[in-house]
Amino acid sequence: MAKSCNQKLKILYLMELLKEKSQRNEMSSMQEIIDFLAQKGIQAERKSIYDDMDALRVYGMDIRYNRKRPGGYYLVTDGAEESQINPPKKAENFQTQHEKDGETKRLKLLCEKKFQPQVENFFGRILNEKEKEEEQVILTVEHTLDLELYGWLAAMGKQVKLVKPKKVSAAFRDHLKSVLKEYKES
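Sequence order as written defines the numbering, with residues in each chain counted from 1. Reporting in this predicted model follows two pLDDT cut-offs: at least 70 for local features of residues, and 80 or more for side-chain atom pairs to be given and counted; totals over whole chains, interfaces and linings ignore these cut-offs and use all residues. The basis for the side-chain values is all heavy atoms of the structure; hydrogens and waters are excluded.

Student: An account of the pattern of salt bridges is needed here, citing residue identities and associated values.
Tutor: The rule for a salt bridge is simple: a side-chain nitrogen of Lys or Arg has to be within 4 Å of a carboxyl oxygen of Asp or Glu. Enumeration according to the criterion identifies 10 salt bridges in this entry. Here Arg-46 ties to Glu-120 by a salt bridge, and the two come within 3.8 Å at their closest N and O atoms. Of this pair, Arg-46 sits in helix α3 (residues 46-59) while Glu-120 sits in helix α4 (residues 116-123), and the two are 74 residues apart along the sequence. Three exposure classes are used, based on accessible area relative to the maximum for each residue type with a 1.4 Å probe and protein chains only: buried under 20%, partly exposed in between, and exposed over 50%. By relative accessible area, which is 26% here, Glu-120 ends up partly exposed. The residue Lys-114 makes a salt bridge to Glu-112 at a minimum N-O spacing of 3.7 Å. Each helix corresponds to a stretch of at least 4 residues labelled H or I by DSSP, and each strand to a stretch of at least 2 residues labelled E; elements are numbered beginning at the N terminus.

This is the structure we're talking about:
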C-alpha cells in the first residue's frame with residue numbers, strides 16, 4: 001500500500017482521538033478509528049491500528065479495550081474514573097493460587113477456522129495462529145480473567161475450546177459446574 005504524506009501522522013491522530021474521547025468518557029470502536037483516520041486522509045487497516053495501540057502503550061498511555069457492547073478502545077487518564085467508561089467486571093471465582101483478580105492472561109483457543117472472525121471480534125486481536133488439523137486452528141489471544149470471558153466461552157459452546165492455560169480452563173469448567181448445580185437445585 002502506498003503511504004500518503006499523512007501516514008506518518010497516523011499515530012498522533014490516533015492519540016488525539018483517544019484523548020478527545022476520554023475527556024467525554026467515550027470509547028472508540030475500530031470502525032470509528034478507521035473512519036476518523038480516513039477523514040484525515042490516512043488509510044488504515046485493523047492490524048496496523050493494533051500495532052499503533054501497542055506502540056502508544058509502550059509510550060506510556062494506559063489504553064484499554066472494553067469488549068462489552070458497545071465496546072471500544074479508551075484511554076484511562078489520571079483524572080478520569082475508570083468506572084465511568086464501564087470496563088468489564090472482575091470475577092472473584094477466576095482466582096487461583098497464582099493469579100490475581102482481573103489479571104490479563106494469554107489464552108490458547110482451539111476452533112474451526114470458520115469461527116476465527118468471532119474470536120477476533122471478541123478479543124480484538126489474535127497474537128498467534130497455528131494450523132492444527134484440517135479446518136482447525138489454535139489461536140493465541142489475551143484477555144482479562146473476568147465473567148465476560150466465561151460468558152463468551154459458554155455462548156460459543158463446542159465451537160471454541162479454551163485449551164491453555166490449564167488452570168484457567170479448569171476454573172471455567174468449575175464455573176460451569178457451579179452454574180449447572182444452581183439450576184439443578186432450582
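Student: Please give an account of a positive patch on the surface that cites residues and values.
Tutor: Candidates for patches are residues over 30% relative accessible area with no salt bridge; among them, like charges are joined within 9 Å and nonpolar side chains (Val, Leu, Ile, Met, Phe, Trp, Tyr) within 5 Å. Surface accessibility in these figures is a Shrake-Rupley result with a 1.4 Å probe; residues are shielded only by whichever protein chains are displayed. When charges are tallied, Lys and Arg are placed among the positive residues and Asp and Glu among the negative ones, while His and the ends of the chain are skipped. Charged side chains are reduced to one point each, which is NZ for Lys, CZ for Arg, CG for Asp and CD for Glu. A surface patch of like charges, here positive, comprises Lys-108, Lys-130, Lys-132, Lys-161, Lys-164, Lys-166, Arg-173 and Lys-177. Only β6 (160-164) and α6 (166-185) provide two or more residues apiece to the positive patch. A total of 3 residues in the positive patch trace back to one element, the largest contributor, which is α6. Mapped onto the secondary structure, Lys-132 falls in the loop between β4 (128-131) and β5 (136-144). Taking the relative accessible area as the measure of exposure, Lys-132 reaches 47% and is therefore partly exposed.

Student: I'd like a rundown of unusual backbone geometry, residues and numbers included.
Tutor: Here the bond from Lys-164 into Pro-165 is cis, since omega is 0°, no more than 30 degrees from zero. By the secondary structure assignment, Pro-165 is in the loop between β6 and α6. The backbone of Asn-25 sits at a positive phi, close to 55°, despite the residue not being glycine. Here Asn-25 lies in the loop between α1 (10-23) and α2 (30-39).

Student: Please set out the packing of aromatic side chains residue by residue, giving values where relevant.
Tutor: What counts as a ring pair is set by centres within 6.5 Å for rings of Phe, Tyr and Trp (its six-membered ring), and what kind of pair is set by the plane angle: stacked under 30 degrees, edge-to-face over 60, tilted for all other angles. For the structure on display, the rule yields 5 aromatic pairs. Members of the aromatic cluster, connected to one another through ring pairs, are Phe-122, Phe-123 and Trp-152.

Student: Run through the confidence of the model for the protein, naming residues and quoting values.
Tutor: Within the protein, residue pLDDT values average 77, and 82% of them lie at 70 or more. Confidence drops under pLDDT 50 across residues 80-101; counting only partners more than four residues distant or on other chains, this segment forms 49 contacts. For every residue, the pLDDT score states the predictor's confidence, bounded by 0 at the bottom and 100 at the top. Between two residues, a contact is recorded if the distance between any of their heavy atoms is within 4.5 Å.

Student: Can you break down the sheet that holds β4 residue by residue, with the values?
Tutor: Two strands qualify as a pair provided DSSP detects at least 2 bridges between them. Taken together, 4 strands build an open sheet; the order of strands is β4-β5-β3-β6 and the sheet is antiparallel. Lying at the two open borders of the sheet, with one neighbouring strand each, are β4 and β6. For this sheet, the mean angle separating the axes of adjacent strands, direction not counted, is 30°. Pairing analysis gives 4 bridges linking strand β3 (residues 104-112) to β6, with the strands arranged antiparallel. Bridging from a neighbouring strand, Leu-110 pairs with Lys-161 of β6. α4 rests against β3, β4, β5 and β6 of the sheet, and its axis sits at about 10° to β5. Only C-alpha atoms enter the line fits that serve as axes; for helices the fit covers just the stretch in contact. Angles between N-to-C directions range over 0 to 180 degrees.

Student: Before we move on, could you go through the packing of α2 against α3 and cite the residues and values that matter?
Tutor: Angle between the axes and distance between the axes are the two parameters that describe a pair of packed helices. The interhelical angle for the contact between α2 and α3, taken along N-to-C directions, is 95°, at an axis separation of 11 Å. Between α2 and α3, the interaxial angle falls into the category roughly perpendicular. Contacts between α2 and α3 involve Met-30, Ile-33, Ile-34 and Leu-37 on the former and, on the latter, Arg-46, Ile-49, Tyr-50 and Met-53. Across the contact of α2 with α3, the residue classes tally to 7 nonpolar, no polar and 1 charged. Any angle from 65 to 115 degrees is called roughly perpendicular, while one under 35 is roughly parallel, one over 145 is roughly antiparallel, and all others are oblique. Charged residues are taken to be Asp, Glu, Lys and Arg, nonpolar residues to be Ala, Val, Leu, Ile, Met, Phe, Trp, Tyr, Cys and Pro, and polar residues to be all remaining types, Gly included.

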